[in-house]
Amino acid sequence: MWSCDELDLDAYLARIGYDIGRDGELAADLQTLTALHRAHVSAIPFENLDVALGRNVPLDLKSLQSKLVERRRGGYCYEQNSLFAAVLERIGFQVAGRGARNRSRGAALPPVTHALLVVTVEGEQWLADVGFGWQGPLEPVPLRDGARVEQGGWTFGIGVEDEGITALRSLRPEGWTDLYAFSPQTLYPGDFTVMNHYSSSHPQSRFLGQVVAQQPGPDVRRALVRELLSTVRTDGSAEERTVDATELAATLEADFGIELDDEERAGLERVHTAGL
C-alpha cells in the first residue's frame, strides 16, 4: 500500500539516528513504534519550503526519500506521514491513513486537510503522527476515549465524539485544547495526494506565500510562521522574536537543521520579504 518495497530502510534509520542494535532487526511492537516515532519527529522538521517556492510536492516514495532522507530536508504532513507509513509497513505494522480537520485555530472550520496515521499493535489502535509540527505528539497516542499520556513535559489526550469522531487534545496552562479531529474512515495514498494538491496549490491554503518551519521537542518547541519565531518550553515560558529576510537562512539552519542551496535561499528571501 505505501510502496515499502522501494524503501531504503537503513538510510532512513541513519537519518533519524536510530540504532537497531547488534541483532539488526526491528519488531512490529509498541516499543519499536514509540522509539521510531520519537526519533523521527526529533530529526526531521516540519516545513513548507517547496510550497513557498512554488514547487510541486511529490509524494512517491523515491521523491520522499530523496528530499527527507538524502537531502536532509523536512516536509509537511503528507510527506512525513507517507514516509513513516512506508517505514512501518516495511517492518510489519498494520498502518492506515486518516484525514483530520485542524481545530488549533479557534472557532474556524477549515476543510479536512491534515493527514495522520493509525497503527494497530496487538489488537490496539494507536494514533501515529510525525507531521503536525510543533504542537504534535512526540510518541504514539492510544486511541481510547479518555486516554491521557504525558510525553516529556507535554500532555495529550483523546476524546471520542458523536458520529465516531476522535479528537486529539493537548493540555495547556489554560486547560485542554483540541488540536484536530478525524473520522474512522480509512484513507489511502491517493487520498493524501488529493489533500496535498489543495494544500500546495489552492489560493486559500495557509501554506502559500509564507515560510513555515516547526519542530516539537521533549523540552522546547519552536515554530517559524512568516516572520515570527515562537519558542515554548515545558515550564510554560515562551518567547517570540521577528526574523527578517537577512536572518532567514541562518534561522532555518540553526533552529530547524534545514540547509538551503543558493537558489532556495534567494527564493525564500524574496517570499519572506514579500510577506512582511
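Our subject in this report is the structure included herewith. These figures come from a predicted structure and were not determined experimentally. (Residues numbered from 1 in each chain as written. Predicted model: local features only at pLDDT ≥ 70, side-chain atom pairs only at ≥ 80, totals over all residues. Heavy atoms only, no water.)

### Details of the overall build of the chain
No. 1: A count of helices and strands for the chain gives eight helices and 13 strands.
No. 2: Computed over the C-alpha atoms, the radius of gyration of the chain is 18 Å, within 12% of the 19 Å expected from 2.2 N^0.38 for a compact globule of 276 residues.
No. 3: Buried residues in the chain amount to 50% of all 276 residues.
No. 4: A separation of at least 24 residues holds for 57% of the contacts in the chain among residues at least 6 apart in sequence.
No. 5: Per element, the accessible surface of the chain, about 12,800 Å² overall, is 46% carbon and sulfur. (Helix = DSSP H or I, 4+ residues; strand = E, 2+ residues; numbered from the N terminus. Rg over C-alpha atoms; globule rule 2.2 N^0.38 Å. Buried < 20%, exposed > 50% of the residue type's maximum accessible area, 1.4 Å probe, protein only. Contact = heavy atoms within 4.5 Å. Areas by Shrake-Rupley, 256 points an atom, 1.4 Å probe, with all protein chains shown as cover.)

### What to know about the sheet that holds strand β2 (residues 94–102)
No. 1: If you walk across this open sheet you meet the eight strands as β5-β4-β3-β2-β9-β8-β7-β6, and the pairing is antiparallel. In this open sheet, the two edge strands, each paired with only one partner strand, are β5 (141–142) and β6 (148–151).
No. 2: Relative to strand β8 (residues 166–172), strand β7 (residues 154–160) runs antiparallel, the two being bridged by five bridges. Bridge assignment links Gly157 to a residue of β8, and that residue is Arg169.
No. 3: Set on the sheet, helix α5 (residues 77–91) makes contact with β2, β3 (112–121) and β4 (124–128); between it and β3 the angle comes to about 15 degrees. (Pairing = 2+ DSSP bridges. Axes fitted to C-alpha atoms, helices over the stretch in contact; angles between N-to-C directions.)

### Looking at the pairing of strand β10 (residues 212–215)
No. 1: Because side chains alternate across β10, one face comprises the buried residues Val212 and Gln214, and the other comprises Ala213 and Gln215, equally buried.
No. 2: Sheet topology places strand β1 (residues 46–47) next to β10; two bridges connect them, and they run antiparallel. Bridged to Phe46 within β10 is Gln214.
No. 3: Taken together, the four bridges between β10 and strand β11 (residues 220–225) define a ladder with antiparallel strand orientation. The partner of Gln215 across the bridge, within β11, is Arg222.
No. 4: Here β10 folds back onto β11, and the loop between the two strands holds four residues.

### Things to note about the packing of helix α7 (residues 245–256) against helix α8 (residues 262–275)
No. 1: Contact geometry for α7 and α8: axes closest at 9 Å, N-to-C directions at 125 degrees. Relative to α8, α7 is oriented oblique. Judged by the twist between their axes, the crossing of α7 over α8 is right-handed. Of the residues in α8, those in contact with Ala245, Leu248, Ala249 and Leu252 of α7 are Arg265, Leu268, Glu269, His272 and Thr273.
No. 2: Counted by class, the contact of α7 with α8 contains five nonpolar, two polar and two charged residues. (Parallel < 35°, antiparallel > 145°, perpendicular 65-115°, else oblique. Left-handed = near helix turned anticlockwise from the far one by under 90°. Nonpolar A, V, L, I, M, F, W, Y, C, P; charged D, E, K, R; others polar.)

### Examining the pattern of salt bridges
No. 1: Enumeration according to the criterion identifies 18 salt bridges in this entry.
No. 2: Here Glu47 makes a salt bridge to Arg73, at a shortest N to O gap of 2.6 Å. A residue pair is termed long-range when its members are at least 10 positions apart, and Glu47 in strand β1 and Arg73 in the loop between α4 (61–70) and α5 qualify at 26 residues. Neither Glu47 nor Arg73 differs from the other in exposure class; each is buried.
No. 3: Across the pair Asp50 and Arg55 runs a salt bridge whose closest N-O atoms are separated by 3.1 Å.
No. 4: In this structure Asp50 comes out as buried when scored by relative accessible area, which is 7%.
No. 5: For Arg55, a relative accessible area of 29% gives the class partly exposed.
No. 6: The structure contains a network of salt bridges with shared partners spanning Glu47, Asp50, Arg55, Lys67, Arg71, Arg73, Glu79 and Glu264. (Salt bridge = Lys/Arg side-chain N within 4 Å of Asp/Glu carboxyl O.)

### Brief notes about the nonpolar core
No. 1: Counting residues in each nonpolar core, the largest one holds 61 residues, and the members touching the most others are Tyr12, Leu36, Phe84 and Tyr180.
No. 2: Looking at this core, the element that brings in the most residues is α5, giving nine residues.
No. 3: Not counting the four nearest positions on each side in its chain, Tyr12 is found in contact with His40, Val69, Leu83, Phe84 and Val87.
No. 4: If you look at the next biggest cluster of nonpolar residues, it comprises 15 residues, including Leu49, Val243, Leu252 and Ile258. (Core = buried A, V, L, I, M, F, W, Y, C linked by side-chain atoms within 4.5 Å.)

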